[in-house]
Amino acid sequence: MFELTGFQRDLLYVIAGADKPSGQMVKERIEQDIGEVKHGRLYPNLDTLVERGYVNKGQHDRRTNYYAISDSGLQALRERRSWESQFLDGE
């Protein structure tokens, strides 16, 4: 997961916390925390997560895709949390 950008990791967390969100739903949720996100930033990053196997992509209908965390994506998030905790547990 270290090859991912911070934005890509944030997208993983948003997708993991939702039930098959559309790209628009992911965009709206992440914008609540970080501000405006352009489509030109969002969708290439979602595609990267799909290509790397962290996220599965499917279709709600002919116009709307959904994103779902894959097993390897969920495992990567767990490993990341474990790695982060070694630095926070000493506080």
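Basis of the calculations
- Residues numbered from 1 in each chain as written.
- Predicted model: local features only at pLDDT ≥ 70, side-chain atom pairs only at ≥ 80, totals over all residues.
- Heavy atoms only, no water.
- Helix = DSSP H or I, 4+ residues; strand = E, 2+ residues; numbered from the N terminus.
- Rg over C-alpha atoms; globule rule 2.2 N^0.38 Å.
- Buried < 20%, exposed > 50% of the residue type's maximum accessible area, 1.4 Å probe, protein only.
- Contact = heavy atoms within 4.5 Å.
- Areas by Shrake-Rupley, 256 points an atom, 1.4 Å probe, with all protein chains shown as cover.
- Salt bridge = Lys/Arg side-chain N within 4 Å of Asp/Glu carboxyl O.

**Some words on the overall build of the protein**
Inference 1: For the protein, the count of helices and strands is four helices and two strands.
Inference 2: Shown N-terminal to C-terminal, the secondary structure of the protein runs as helices and strands in the order α-α-α-β-β-α.
Inference 3: Its C-alpha atoms give the protein a radius of gyration of 14 Å, within 12% of the compact-globule value 12 Å for 91 residues.
Inference 4: The buried share among the 91 residues of the protein stands at 35%.
Inference 5: Taking contacts inside the protein between residues at least 6 apart in sequence as the whole, the part at least 24 apart equals 51%.
Inference 6: For the protein, the computed accessible surface area is about 6,000 Å², with 44% contributed by carbon and sulfur atoms.

**A look at the pattern of salt bridges**
When charged atoms on two side chains of opposite charge get close, those side chains can pair.
Inference 1: Taken as a whole, this structure holds five salt bridges when the rule is applied.
Inference 2: Across the pair Arg29 and Asp33 runs a salt bridge whose closest N-O atoms are separated by 2.7 Å. Taken as a pair, Arg29 and Asp33 lie in helix α2 (residues 23–34) at a separation of four residues, close to a single helical turn.
Inference 3: Judged by its relative accessible area of 36%, Arg29 falls in the partly exposed class.
Inference 4: We classify Asp33 as exposed; its relative accessible area is 56%.

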